[in-house]
Every structure is written in C-alpha cells, then in structure tokens.
Amino acid sequence: MAATLTYMYPYVYASHESEVLSGCAIIVRGQPRGGPPPERQINLSNVRAGALARRAAQSQPDTKDIPDEPWAFPAREFLRKKIIGKEVCFNVENKTPQGREYGMVYLGKDTSGENIAESLVAEGLATVRREGIRGNNPEQARLCDLEDQAKAARKGMWSEGSGSHTIRELKYSIENPRNFVDAMHQKPVNAIIEHVRDGSVVRALLLPDHYLVTVMLSGVKCPTFKREADGSETPESFAAEAKFFTESRLLQRDVQIILESCPNQVILGTILHPNGNITELLLKEGFARCVDWSMAVYTQGAEKLRAAERAAKERKVRIWKDYVAPTANLDQKDRQFVAKVMQVVNADSIIVKLNSGEYKPIHLSSIRPPRIEGENKDKDKRFRPLYDIPYMFEAREFLRKKLIGKKVNVTVDYIRPATTGGETGNFPERTCATVTIGGINIAEALVSKGLATVIRYRQDDDQRSSHYDELLAAEARAIKNGKGLHSKKEIPIHRVADISGETQKAKQFLPFLQRAGRSEAVVEHVFSGSRLKLYMPKETCLITFLLAGIECPRTSRITASGSQVAEPFSEEATLFTKELVLQREVEVEVESMDKAGNFIGWLHVDGMNLSVALVDGALSKVHFTAERSSYNKTLQSAEEVARQRKDKIWANYEEKPTEEVAALLSEEKERVAKYRAVFVTEITDELHFYAQDVETGAQLENLMETMRAEIAAQPPVEGSYVPRRGDYCIAKFADGDWYRARVDKIESHPSKIHVFYIDYGNKEVLSSTRLAPLPPAFSHKTLAAQAHEYAFAYILVPQDEDARADVVDCLVKDIHNSQCLLNVEYGTGSGCPYVTLQFNDSKDDVGLSLVKEGMVMVEVRKEKHLQKMVTEYLNSQESAKSARLNIWRYGDFRADDADEFGYSR
C-alpha cells in the first residue's frame, strides 16, 4: 500500500457557509502564526451524508430553495458537536484532479483517536460507498460492518419512517424584523453561529424555530472587507485578523443572543458565550472600536465597552497602534485636579481657581449651551445672550447655584486647539473637561434638565467626554420627558431692565430700594474693588452699585482727558472683591445715588460687610462719608488694624509721633486681661460661639417675662404676619415660648423661614405660622440683641469636617449653657472679636485646653504684646505633638499634608 502523509491540524474552523460543511465534509485550519492560518477542506472517505438545505440564488428568480435531505442536519450536528474546536489529525487517501481531497479524520493528535467516519456510520447518520470498497482494506470492511449493525439496530436513517421530521423549515427572511426583535423582549435566544462576515457581523441560526438572521454586534464596529467594482474584496487593516478572532471563538458554537434593536432593518444584538462576551473581547484586543449610534441599545453596560476600548488604546494594540491620547501631553496633576469655581462664564464654561492661585477657564466636554435659531429679529433691541437666548438664563443659574464658591473635581478629557478665521471663527485654546461635585457630573445634570444638548462627533473623533454615553442617555431622557429645550411649552421670557447709567430711571427707582432696607441681589460683574453690577431678582433689573464708606484704588480707564493709569493695588482689590462676591447671592442696603445714576450703599455677603472686608484687607481707605453711617466704628477699627500691619496700601504709612499714640504703644507692650462673666448659649459648626453678658442677664429676663405676658394677653393672629428678609420678629421655639428673632432667609416655599434668635445665637427653620410681629416696646432698640458672636483667639479652625466636628462636640460638652470668663484679645475688623475663654470654676483657658488635647493647631500671632500667650500655646502644642494626641497621632503632618488634613502652617 502506498504511504500516506499525515497532517496535524489542531483546530476546526470555517471559511464560507459553514465549517462542518455537511455530515461528511469539514474544513480544518492549522495553528495561527502571524495571522489567520490557511484553510483546508477534507471530505470523509468511503461515506456519504445527506446534503444540507441551500437557499435559491437571489440573482436567479426562477430557482427555488433546496430543503435538507432527511437526516442531513442531524449528521451535521453530530459532527459539529463532536469536532468543532477540538484537536484532530487526518490522512489524505485520495486527491482528485480538481484538488478535492478525501481522507480519514481522527479526534486527537494521532490515528489512535476516534475515527469520525466510523462514528457517523455507527449512529446511522451516513451511508457507506460500497462501490469503491476493496476487499483487502480492513478500514473499509469495518465501515461495512458498522453500517450493517446500524441497520440491524434501526439507528438514524435506518429507523422506521421517511425521516421527514429531521428536515428543518428554514426561514431565510423575516417580514417585520422590528416586531420580531420587540417580541423577544431582550431575552437570550439559543442560537448557532453559521457564518462570520467580519469581526462584528455574523449569520446565526435561531433555535428552535430555525430563523437564519444576520446580527450586527451592538455598540462596536470591526474593520470590514470592501467590495470592489470587479466583485473582489479588499480588507481594511486588521479586518482578516478580526474576522478570524470571532470565527475561532464563535463559528458553529452554541451561543445565546440578546436581540436588542432593529434600526433600518438591521438587527443589533449581543452574543453571549460561556467563555465571555465577544463584544468586549474584540474591543479589549484592539479589533473593534465603539460606535455611538448603536451603543445606546447595548444592554450589558456601555461603560464596560468604553473601558475595554480605553484599555486597548492605552496598550496601543492593533487598530490603535498609532493612537495618541488627547491628554497625552499633560502631566497627571494637570489631567485631574480639584479646584474652586470662581465664575460661570456660560452654560458650558466656568473659571476655576487652582491650588496654586492660578485662574483657569474650563469648558464642559461634549455639550452645547442653548443657542438662538436664526438671526436676531429685533434689530433695534440690544441683544443680550443671557436673557434673550431661550433657557440660557436657566442654564447659567443652575450652574451658578450649584458651583459658585464650591470645590469641584476636574478631569481633563481633551484640549481643543486655537482656531483662527474660517467658518468656526476665532477661538483660543480650550480645555474641555468633565466636572463633578459630590459625585454628580455637572454636564450630565445640565443635559438631563434640557438646559444643554450633546455634540455629535465623527466616529473617528476621539476628542469627547469620558462620560459621553451617559450624556447621550441623559439627553434621550430629557427629550422623552420634554424638559427645557425639548419642551413644547411656551419658551420662558426674561424681561430684565438695565438701568445702569439711566439717571432718570434710577431716580424713580431709588425710593423703593431705600424703603426696602436689605434687598436680595446677585453680583453679575465686578468692575473694580468697589464698583459692581447687580441683578435684582425681585425687581428684575440690573443696577450699578458703588460701595459706601470707602475709597478704593482706581483701575485704569480712558476718560475725555486721556487714559488714566491704574492706582497701586487696584488689581488686588478687584480680585479680592471678585473672589468674595462675584455671582454670589448678596444683600444690599441702598443709601443714595450719584449723578451718573449709580446706587451707593452697603453690600453684605454671608454676614460680612464688603466695605469693612476691603478696609480690613488693607485694600481700601475709609471715606469721610462713613462718619454718618452705623458702620463707621467698625470701619475705623479695621483701618487702624490695617495701618498697624503696614500692609499693601499702608506699606509706606508713617505715624505721627503724638503723645496719645506713644501712650497707646506703651500700653500694647503688655497684654491687658480684663475678664468678664458671660453665659455661652450657642456653638456654631465654624467654631464660633455666642454668649450673653451676665451683667445684662437680669434685663433680658425682665424683658422676656413682660413680653410673654403681653403676648399671652393679646395672642397674635396665626398666619397674619408676612415675614421679610431682615425683619425683626418674635418666633415660637420648640419649648412653646416666644423669643425675639430676625428673619435671615425665606425659601421659595413660604412655609420655610430661616430665623436667627438674636438673644441666644441659635438658628431654626420654621413655618410662617410660628412667627409674629415684634412689639415695638421690646425691639432691639429697647434692649440690644444679647447674643454676641466671638471666635477663639490663638487657634486655627480645622478645615477637615471630622476634625472640626470633634472640637465642636468637645466644646458643647464643656461650655455650652454654662457661665465662663471672657477676655477680648484682638479683632480683625470683621465685627467678630477674637477672645480667650476661661472655665468659671478652675479658671483654665478653654482654647489652651483644646491645644493641650491635640484637637487644634496654634495660630501664630506677630503682635509683640501677645507673644507671651502665643509662646504658652506653642509649648502646649509641642507637648500634644510629642504625646501624639488626636490630630498629631500620625506625627507632624504639617510639612507636606497640611492642606489634606485641613490645616496650613
């Protein structure tokens, strides 16, 4: 007998309609080496199985579909389950002139394994070609014996009946694919992958109804084969490798398919295999890229696909071999950082302050702010984008209320280079980032409220948000719910009158603002340290506002006589004011107006007078007009402290050597301790406390007793009082008694009123039904508010919330509702004196006790007359640090981690 050549091919795969072409023909492949291995078709010698069904050629309308021959599909399935994915060996016994090869196939590495042809014949799934059998061939004789045994046992095709039950009713097309997919309700369907067109498109046989459908993988796209005019196919880069990757894992495997959507007659789905999700694997190995249009229907979590694609990009594998990340040139510290929001420029743009003090503009990635459609029709009216573009004001206000003054996490997604000219116009380089606060993606929140839209990109444009899918999902929700820009309701109109510089309008408006007392406002723009533009929400107007009582350095400006150079420290004063009040909600007291129609008055932000703050920061001087103001004493005190520091505008100040000043200096060489008895009534979360003077305690008790008796005799009518911000009133506390209070804030819902109890320092939110007018006989003019605010001298308030909460708890336990001794040590001009407090019985210093216990750090003061106290505090701090108490339990952290732990040296 002639020798035969044995070929070792470990895997079984396919190239055309199926890998196991029939019950007696297979395709084998060798091990891949540097690419997909070549294919080889082997026909089983001496046996024949039924032919599988074939669809009629679409180009020949007269032809008909050919059905399965009886027992053809069971033979194919027997062979598929037996050898697909298994290691086999075969020998070629015969090769026809046309190149058709016949041989024997064995499971395993050599011919000692199971003979596939014999197994088919033994199961009655194939017949033996007896016409070509030689009598001296033992293998052929064994096939005949096995066939005779199968006939005797009535197996397979030798069983009773025609075998019609083994013929499939194949369905090559679906009349309404969308309804078919919807009827599946995204439940997994059993299937066999019959053909792989490219890495992301397969032909599947759905079981048990035998639908043959083409399925495109949701959310991804692999390189494809382009069909040329001559009918040939040209593969894109890595198309063959991607196809082989999918074939080697799925072809003729039992899988489950989730049919997810059917846009434009294309069925999208996800193929689930026991060994993993092919969609994610293709992305991870760099054989596919994410596509936005089908990502939305992917049911297994779009973030997993993005993560897999990101991993392939980082490794620069296959289709990503030349990939350059949008932020590749950025250091890690510039790629991800925490910053404080200082200004909302637009509905998609903010300005943040970095830890270095630098200001940086940030654009929100992949979103577009509201914009006006077409040209502005009203040519005579000055166009104001904030108020005239629909939903622009709502978008800006959403960002302002959420972000201004808050710390946010910034993750840079990409940097848009500067553009000059062209259709897009001139734009500087833009840093586009994802901004989050409290775990909330601000861009996603904007889009979900219909206050911005998502930008669509080319598929190969990688410069987009790292949370692009979440943005698309948020936009889809906003459209479905008719939110904001997608609403069919009437567009909101903002009629805002700008009376800046309008002298006549300002004169008419002045009496209303003067009578209103403290009015709410939002600072829209800061021109200089003391000149601002305010939006008055109740009056829906814009005004120019000048700070009263101070003389601030002037900025550079152009006048009729020419340009004027900026005065020293004018920029610092402007920046100081911007950081404190720009786009913040403030309260203003209007006193008068100038001849140009600008209003003059006092501005308060978070309880602080901005005029006093500028003077205290040595960025402004007190103007003589402050003498007639109730804030004059505070301003003069702040200016005196700033002069003593010789800081900024007072750097070159020389005092006049008078006897009075000399006497004052001699007194300041020694600290003056004048302790007085106080009763601590409230401790705030900021480590300030409120206390009543014991001296005036009896007066307060008499006033309260008289007031309550009068209220009991003539009870107020419930609900008759309409509170206004800044009003003094009486409020019913939880104990059922009435106390004097001040209205600090009124929420949009009138039943929520924030009040401050002026004699005790505590705050409460209650309904207007528990408020009533304060009888004039008991007003703050009869007896001043008894709760005075103080701060602890010589100590730093921890910025870390947990550390601060521990200190507050300690103070509440030790001094709340108890009598202590208080001494004013120094002031800052902000109206809150810094004091030392002693326990009434032991005379121990409360602040020093906190330092000894390692609860707080010491603030080092430079004044000479305070050095003895500072030294005592510092010595106690060193003792606490040596004993590793509380904040010092990990040693001295101040060198590197002061900011992290909420302290700074």
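Residues numbered from 1 in each chain as written. Predicted model: local features only at pLDDT ≥ 70, side-chain atom pairs only at ≥ 80, totals over all residues. Heavy atoms only, no water.

- The name given to the protein in an unreviewed UniProt entry is Staphylococcal nuclease domain-containing protein, with the source organism recorded as Denticeps clupeoides.
- In its Subcellular location (unreviewed entry) section, UniProt records this for the protein: "Cytoplasm". (UniProt positions renumbered as here; feature names shortened; annotations may be inferred.)

1. Looking at the sheet that holds strand E45 (residues 771–773)
Point 1. The sheet built from 5 strands is open, its strands ordered E44-E43-E42-E41-E45 with antiparallel pairing. Looking at the sheet topology across the chains shown, the edges are occupied by strand E44 (763–766) and E45. Strand-to-strand twist across the sheet, computed as the mean angle between neighbouring axes with direction ignored, equals 45°.
Point 2. Bridge count for strand E41 (residues 728–732) against strand E42 (residues 738–746) is 5 bridges, and the pairing is antiparallel. If you follow Tyr 728 over to E42, its bridge partner there is Arg 742. (Pairing = 2+ DSSP bridges. Helix = DSSP H or I, 4+ residues; strand = E, 2+ residues; numbered from the N terminus. Axes fitted to C-alpha atoms, helices over the stretch in contact; angles between N-to-C directions.)

2. Examining the pattern of salt bridges
Point 1. Per the counting criterion, the structure on display carries 47 salt bridges.
Point 2. A salt bridge links Asp 148 to Arg 130, with the nearest nitrogen and oxygen atoms 3.0 Å apart. Remark: Arg 130 occurs in the loop between strand E9 (127–128) and helix H3 (138–153) and Asp 148 occurs in helix H3; sequence separation between them is 18 residues.
Point 3. The partly exposed category is assigned to Asp 148, whose relative accessible area is 39%.
Point 4. Among the charged side chains, a salt-bridge network with shared partners connects Asp 292, Arg 306, Glu 309, Lys 313, Arg 464 and Asp 469. (Salt bridge = Lys/Arg side-chain N within 4 Å of Asp/Glu carboxyl O. Buried < 20%, exposed > 50% of the residue type's maximum accessible area, 1.4 Å probe, protein only.)

3. Looking at a positive patch on the surface
Point 1. Judged by side-chain charge, Lys 402, Lys 406, Lys 449 and Lys 483 come together as a positively charged surface patch.
Point 2. Note on placement: Lys 402 falls in helix H11 (residues 392–403).
Point 3. The exposure class of Lys 402 is partly exposed, given its relative accessible area of 36%. (Patch = residues over 30% accessible without salt bridge, like charges linked within 9 Å, V, L, I, M, F, W, Y side chains within 5 Å. Areas by Shrake-Rupley, 256 points an atom, 1.4 Å probe, with all protein chains shown as cover. Lys, Arg positive; Asp, Glu negative; His and termini not counted. Charge placed at Lys NZ, Arg CZ, Asp CG, Glu CD.)

4. Things to note about the pairing of strand E30 (residues 531–536)
Point 1. With 5 of 6 residues buried, E30 lies mostly within the body of the structure.
Point 2. Hairpin connection from strand E29 (residues 518–526) to E30: 4 residues lie between these consecutive antiparallel strands.

5. Some thoughts on the packing of aromatic side chains
Point 1. In the structure shown here, the tally under the stated rule is 19 aromatic pairs.
Point 2. Where Phe 393 meets Tyr 535, the ring centres are 5.8 Å apart and the plane angle is 70°; that geometry is what we call edge-to-face. Linking Phe 393 in helix H11 with Tyr 535 in strand E30, this pair joins segments that are 142 residues apart in sequence.
Point 3. For Phe 393, a relative accessible area of 9% gives the class buried.
Point 4. For Tyr 535, a relative accessible area of 9% corresponds to the buried category.
Point 5. Look at Phe 689 and Tyr 790: their rings are 5.7 Å apart centre to centre, the planes differ by 35°, and that puts the pair in the tilted class. Linking Phe 689 in strand E40 (residues 688–693) with Tyr 790 in strand E46 (residues 788–792), this pair joins segments that are 101 residues apart in sequence. Per residue, the accessibility class of Phe 689 equals that of Tyr 790, and both read buried.
Point 6. The ring of Phe 225 carries the charged tip of Lys 243 above its face, separated from the ring centre by 5.6 Å.
Point 7. Against the face of Tyr 468 rests Arg 464, its NZ or CZ located 4.8 Å from the ring centre. (Phe/Tyr/Trp six-rings, centres within 6.5 Å; stacked < 30°, edge-to-face > 60°. Lys NZ or Arg CZ within 6 Å of the ring centre and 35° of its normal.)

6. Let's talk about a negative patch on the surface
Point 1. On the surface, a cluster of negative charge is contributed by Glu 801, Asp 802, Asp 806 and Asp 809.
Point 2. Along the chain, Asp 809 turns up in helix H20 (residues 801–815).
Point 3. A relative accessible area of 53% places Asp 809 in the exposed class.

7. A short note on the sheet that holds E46
Point 1. With respect to topology, 5 strands assemble into a closed barrel ordered E39-E40-E46-E49-E48, the strand pairing being mixed. Neighbour-to-neighbour, the strand axes of the sheet open up by a mean angle of 60°, direction not taken into account.
Point 2. As paired strands, strand E48 (residues 818–826) and strand E49 (residues 834–839) are joined by 6 bridges and run antiparallel to one another. Looking at E49, one finds that Val 824 is bridged to Val 835.

8. A few points about the pairing of strand E22 (residues 359–364)
Point 1. Two strands pair when backbone bridges link them, and strand E21 (residues 349–353) and E22 are joined in this way by 5 bridges, in the antiparallel orientation. Residue pairing across strands places Ile 351 opposite Pro 361, the latter belonging to E22.
Point 2. Remark: 5 residues form the turn of the hairpin made by E21 and E22, two consecutive strands paired antiparallel; Gly 357 in that turn has positive phi of roughly 95°.
Point 3. The pairing of E22 with strand E25 (residues 430–437) spans 2 bridges and is classified as parallel. Pairing of His 363 across the sheet is with Cys 432, part of E25.

9. Points about the side chain of Thr 166
Point 1. Relative to the helices and strands, Thr 166 is located in the loop between H3 and helix H4 (177–184).
Point 2. Engagement of the side chain of Thr 166 in a polar contact is seen with the backbone nitrogen of Trp 71, the distance being 2.8 Å.
Point 3. Beyond its immediate chain neighbours, meaning those up to four positions away, Thr 166 contacts Pro 70, Trp 71, Phe 73 and Pro 74. (Polar contact = N/O pair within 3.5 Å; in protein donor to acceptor, adjacent residues only side chain to side chain. Contact = heavy atoms within 4.5 Å.)

10. Remarks on unusual backbone geometry
Point 1. Going from Leu 207 to Pro 208, the amide bond is cis rather than trans, its omega being 5°.
Point 2. Topologically, Pro 208 is positioned in the loop between strand E11 (201–206) and strand E12 (211–217).
Point 3. With a phi close to 60°, Gln 252 is a non-glycine residue in the positive phi region.
Point 4. Mapped onto the fold, Gln 252 is located in the loop between helix H5 (239–250) and strand E16 (254–261).
Point 5. Phi at Gln 265 takes a positive value of approximately 70°, unusual for a residue other than glycine.

11. Observations concerning the environment of Asp 594
Point 1. Counting through the fold element by element, Asp 594 comes out in the loop between strand E35 (585–593) and strand E36 (599–605).
Point 2. Residue classification places Asp 594 among the partly exposed residues on the basis of a relative accessible area of 23%.
Point 3. On a C-alpha basis, the gap between Asp 594 and Trp 738 in space is 43 Å, while along the polypeptide they are 144 residues apart.
Point 4. Residues in contact with Asp 594, not counting those within four places in the same chain, are Leu 546 and Ile 600.
Point 5. From its side chain, Asp 594 meets the backbone nitrogen of Ala 596 in a polar contact 3.1 Å long.
Point 6. A distance of 2.8 Å separates the side chain of Asp 594 from the backbone nitrogen of Asn 598, its partner in a polar contact.

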